[in-house]
Amino acid sequence: MPASPNLKPDHACLIVHGSDRPGIVAAVSAMITRIGGNIVAFDQYSDDPTGGAYFQRVVFHRPGFAADRPVIESEIARTLAGFELEWSLTDQSVPKRMAILSSKQDHCLLDLLWRHRRGDLPVTVPMVISNHTTSAEDVRSFGVPFFHVPGAPGPDKSASEAKIIELLKGNVDFVVLARYMQILSGDFLSQLGVPVINIHHSFLPAFIGAEPYRKAKERGVKLIGATSHYVTDDLDEGPIIEQDTVRVTHADSAAELARRGADVERQVLSRAVLWHAQDRIIRHGNHTIVF
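Conventions adopted
- Residues numbered from 1 in each chain as written.
- Predicted model: local features only at pLDDT ≥ 70, side-chain atom pairs only at ≥ 80, totals over all residues.
- Heavy atoms only, no water.
- Core = buried A, V, L, I, M, F, W, Y, C linked by side-chain atoms within 4.5 Å.
- Buried < 20%, exposed > 50% of the residue type's maximum accessible area, 1.4 Å probe, protein only.
- Helix = DSSP H or I, 4+ residues; strand = E, 2+ residues; numbered from the N terminus.
- Contact = heavy atoms within 4.5 Å.
- Axes fitted to C-alpha atoms, helices over the stretch in contact; angles between N-to-C directions.
- Parallel < 35°, antiparallel > 145°, perpendicular 65-115°, else oblique.
- Left-handed = near helix turned anticlockwise from the far one by under 90°.
- Nonpolar A, V, L, I, M, F, W, Y, C, P; charged D, E, K, R; others polar.
- Arc of directions from axis to C-beta.
- Phe/Tyr/Trp six-rings, centres within 6.5 Å; stacked < 30°, edge-to-face > 60°.
- Salt bridge = Lys/Arg side-chain N within 4 Å of Asp/Glu carboxyl O.
- Pairing = 2+ DSSP bridges.
- Patch = residues over 30% accessible without salt bridge, like charges linked within 9 Å, V, L, I, M, F, W, Y side chains within 5 Å.
- Areas by Shrake-Rupley, 256 points an atom, 1.4 Å probe, with all protein chains shown as cover.
- Lys, Arg positive; Asp, Glu negative; His and termini not counted.
- Charge placed at Lys NZ, Arg CZ, Asp CG, Glu CD.

Asks: Explanation requested: the nonpolar core in the structure shown.
Replies: One broad rule of soluble globular proteins: the nonpolar side chains tend to lie buried together. Core analysis: the largest hydrophobic core is formed by 30 residues, its most contacted members being Met98, Ile100, Leu113, Val128, Leu269 and Val273. Those elements that provide at least two residues to this core are strand E5 (96-102), helix H3 (107-118), helix H4 (136-141), strand E9 (174-178), strand E10 (196-201), strand E11 (223-230) and helix H8 (254-277). Ranked by residues supplied to this core, first place goes to H8 with six residues. Ignoring sequence-local partners within four residues, the contact set of Ile100 consists of Leu109, Leu112, Leu113, Val125, Met127, Val128, Ile129, Val176 and Ala178.

So this is what it looks like as structure tokens:
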């Protein structure tokens, strides 16, 4: 399996956010110079320069970063203390551990595994969990462990969720729902304690339930698309990471709409996963800043 070009030794990513005020850029830049680092990417955004919300992403190269990380973190904390900003630091040479939950539809699942095998995603995939066994052999062909956790037939999902938590807890950095057709409870999300990324068609709140593309065809829609977002207690209302659309016409069948919709879902989800793995996304309330 080729190494991901997104994994860069001795590179770190610093995320900063809080209230905007003069001097933040100068302080961060000077601090990176003091610790012997060199900035290779710098993005920032402020929604109001007079005390509004401020967001910054800085990638810098610093020889021996991993060994000297405690000293570097102390210097960052000292530098930003006067600004009352929140910050996080990640090692860009370390891949994030990404678990995938799936159901019968496998287009997003297999696309992520394929991109991972090519080295396009800076992640490891410790496991795939599904409430069906239809994709088990395909998943194992990628050298990824597959676990079957059947969904409960009634409204009480606590037993199946407990089993999934047992598999995931402490073993992953984030989870992707690759067309996982089960609703996750707030208690599950709280126990899991890591970000969860979802993908679905963009018709919502229209065409809820089964066969959305048939319903869309009957309404004569002209655009179909996909939305990827972080999962929260509010169903399909978490902070949006990425969206895309394609145009369709009256001549396209419901099957063709579904095929093209699956293509958009794959692309949107893979971009969302890549950006999350690269620490490009900052959550702010119920929306995101994506650098």
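Asks: Help me understand the packing of helix H7 (residues 212-219) against H8 in this model?
Replies: Packed helices, taken two at a time, are described by the angle their axes make and the gap between the axes. As a packed pair, H7 and H8 sit with axes 9 Å apart at the nearest point and diverge in direction by 120°. Comparing the axis directions of H7 and H8 gives the class oblique. As H7 packs across H8, the resulting crossing turns out to be right-handed. Here Tyr213, Arg214 and Lys217 of H7 lie close against H8, whose contacting residues are Ala254, Leu257, Ala258, Gly261, Ala262 and Glu265. Grouping the constituent residues of the contact of H7 with H8 by class yields five nonpolar, one polar and three charged.

Asks: Honestly, H7 in this entry has me stumped. Any pointers?
Replies: Residue pairs spaced three or four apart in an α-helix point in one direction, given the helix's 3.6 residues per turn. Among all positions of H7, only Pro212, Tyr213 and Ala216 are buried. Buried positions in H7, seen along its axis, are confined to an arc of 95° and lie on one side of it. For H7, the secondary structure elements touched by its buried residues are E10, E11 and H8.

Asks: I would appreciate a short explanation of helix H1 (residues 24-34) in the present structure.
Replies: Where H1 is concerned, the buried positions are Ile24, Ala27, Val28, Met31 and Ile32. Projected down its long axis, H1 shows its buried positions confined to an angular sector of 130°, all on one face. What points out from H1, more than 90 degrees from its buried face, is the exposed set Ala26 and Thr33. On the buried face of H1, the contacting elements are strand E1 (11-19), strand E2 (38-46), strand E3 (53-61) and helix H2 (65-80). At the C-terminal side of H1, Gly36 shows a positive phi close to 85°.

Asks: Looking at this structure, I do not really get the packing of aromatic side chains. What am I missing?
Replies: Describing an aromatic ring pair means giving the distance of the ring centres and the angle of the ring planes. Enumeration according to the criterion identifies two aromatic pairs in this entry. Note on Tyr45 and Phe55: the rings are 6.1 Å apart at their centroids and 15° apart in plane angle, and the pair reads as stacked. In this pair, Tyr45 is assigned in strand E2 and Phe55 in strand E3, connecting sequence segments ten residues apart. When the centroid spacing of 6.4 Å and the interplanar angle of 80° are considered together, the rings of Phe60 and Phe65 count as edge-to-face. Take Phe60 and Phe65: they sit in the same class, and that class is buried.

Asks: Can you help me understand the pattern of salt bridges in this one?
Replies: Proximity of charged atoms lets side chains of opposite charge pair with each other. Tallied over the entire structure, the rule returns 18 salt bridges. A salt bridge links Arg214 to Glu211, with the nearest nitrogen and oxygen atoms 3.0 Å apart. Here Asp263 ties to Arg259 by a salt bridge, and the two come within 3.2 Å at their closest N and O atoms. Of the two residues, Asp263 and Arg259 both sit in helix H8, four residues apart, roughly one turn of that helix. Here Asp263 falls in the partly exposed class, since its relative accessible area comes to 24%.

Asks: Would you mind showing me how to read the sheet that holds E1 here?
Replies: The pairing of strands in a sheet happens through backbone hydrogen bonds and is either parallel or antiparallel. Pairing is antiparallel across the open sheet formed by four strands, whose spatial order is E2-E3-E1-E4. With partners counted over all chains shown, the strands left at the sheet margins are E2 and strand E4 (86-91), one partner each. Adjacent strand axes in the sheet meet at a mean angle of 10°, parallel and antiparallel pairs treated alike. The sheet contact formed by E1 and E4 spans six bridges and is antiparallel. For Ala12, the partnering residue across the bridge sits in E4 and is Asp91.

Asks: What am I meant to see in a negative patch on the surface here?
Replies: Together, Asp233, Asp234, Asp236 and Glu237 make up a negatively charged patch on the protein surface. Relative to the helices and strands, Glu237 resides in the loop between E11 and strand E12 (240-247).

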